[in-house]
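Here's the letter readout for the chains.
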Amino acid sequence: MAPLWILHVLLVLPQTSLAAYCHGSPSKNAKQNLNPIYTDAPRFVRSVVNGKLYTVGTGEDAFDIVHVWGKPYDWGKAQGQLLGEKAVKMMDAVWEYLEDQVIEAINGTVHIFKPWFLKDIADFGLERALDLELSITKKYSGSYFYEEAQGISDGSGLDVQKLLRIHMIGELTKGSCSMFGAWGSSVPDKGSLLQLRALDWSVDGPFKDYPQVTVYHPSDPKDGHPFANFGWTAWFGSITGMSSQKMAISEIGVSFPDSTFGTESRFGTPFTFLLRDVLQFDKTLDDAINRIANARRTCDLILGVGDAKLGQFRGIEYSASVADFFDDINMRPAEDWHPKIPNVVYWGMDWNCPAFNEVLGKQLTKHHGNITVENTIRDVVSIVQTGNLQVAVYDLTKNVAYLSNAKASYESGPQYAYERQYVRLNMTELFTEIPPEHRENNSNH
């Protein structure tokens, strides 16, 4: 870590303002993804009290599926017991990566952190800066997140404070992602709903080595209904996932907003916790809209929520001061490079991002009336070249998800998730998994 006086000097240097629009564009040499979809069932590995571990996928594209039952503490403890040293290695690797990224940010070679976070590091150091973020957001966060974290720590030996600090990453960093929701006249079955969540984030960090789907089976209705978090080992915040209510989430970090976004704030619910609350508790699209509209919001984002029960998808312009909800009629930004498409809501990589929005709109228009899972994988995501770390395509009406992850450091083949094999997940089967024979609820936690 650089000395604090260096941080202070660098932080008072003039800052280069961001351009009005995002940079870059999809390669004109983009290739279709012709890999077959993996459809075999998950393979059982082992079980503990309140938890089961499976693996799914073939060879290098395999990843873990963890089922947990009971109360929030039980969910965490089962994860810790099932994953053990893997959870510790994952969080140690993320912490080391975070330290390296901070140093690079100080040197001006990466620009992923919010300026106020770098100032906090200058004033307090990395650990205390993250502890400050935790203290600011804790009163807006459900206690069940902290209970689950304690369970993971008790089950694995992982430092609980490190685990909680790392879960603040989403509030402090910037990422580019893409999404769409398609229904009605845009899809072959007019009563169906298809949704994309393409995650463009760090492929040089450790996340790619630890992909995991965690399926929660609450024993108490007060703790919500069954839902699945598509993330990584020991990661309990949500940026990708589906619920047993045939609902799903998408998210884009906004680095290039326009004036309609208003202001950001540090004081509120971390968005990864808010999105998990949507999955865990909300039964309808209206529930999710009310939650987001009334939340103490923080940073600039675009969110997406789909509900197959209604056959509807809404995109959300999200900041501390704004929560605007969009369908295919009122979608923004209203620009030539972001044309409206009947029964489709979409954004490519960012808000003000002409090149990627234009290509995404072009591919969706090309397949309009026949936007399917197969076309999305083969000729939309791969041509737009979005989803370098993770891609999830949700067929919400059929309650099926298709998930692809970036190449791990120990794997071969194409690097990015949008180039690799997708794994089909039957969410109905996952949400109705039979619990292990012996269960216990640690309700005192």
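This one's a predicted model, so the numbers in the text were calculated from it and none came from an experiment.

Caption draft 1: Fine view of the pattern of salt bridges. Summed over the entire model, instances satisfying the criterion amount to 17 salt bridges. For Lys 162, the salt bridge identified is with Asp 92, shortest N-O distance 2.8 Å. Placement of Lys 162 in helix 7 (residues 160-166) and of Asp 92 in helix 3 (residues 85-106) is noted, with a sequence separation of 70 residues between them. A residue is classified by how much of its surface remains accessible, and Lys 162, at 19% relative accessible area, is buried. On the basis of relative accessibility, which here comes to 34%, the residue Asp 92 falls in the partly exposed class. Here Glu 317 ties to Arg 332 by a salt bridge, and the two come within 2.5 Å at their closest N and O atoms. With Glu 317 in strand 11 (residues 312-318) and Arg 332 in the loop between strand 12 (323-326) and strand 13 (344-349), this residue pair connects regions lying 15 residues apart in the sequence. Overlapping salt bridges, with partners in common, bring together Asp 61, Glu 411 and Arg 420 in one network.

Caption draft 2: Geometry of the pairing of strand 4 (residues 176-183). Most of strand 4 is tucked away, with 7 of its 8 residues classed as buried. Where strand 4 and strand 5 (residues 193-200) come together, 8 bridges link them in antiparallel fashion. Each residue of the ladder has a partner; that of Ser 176, found in strand 5, is Asp 200. Pairing of strand 4 with strand 13 involves 6 bridges; the strand directions are antiparallel. Across the sheet, the residue bridging to Phe 180 is Tyr 346, located in strand 13.

Thresholds applied
Residues numbered from 1 in each chain as written. Predicted model: local features only at pLDDT ≥ 70, side-chain atom pairs only at ≥ 80, totals over all residues. Heavy atoms only, no water. Salt bridge = Lys/Arg side-chain N within 4 Å of Asp/Glu carboxyl O. Helix = DSSP H or I, 4+ residues; strand = E, 2+ residues; numbered from the N terminus. Buried < 20%, exposed > 50% of the residue type's maximum accessible area, 1.4 Å probe, protein only. Pairing = 2+ DSSP bridges.

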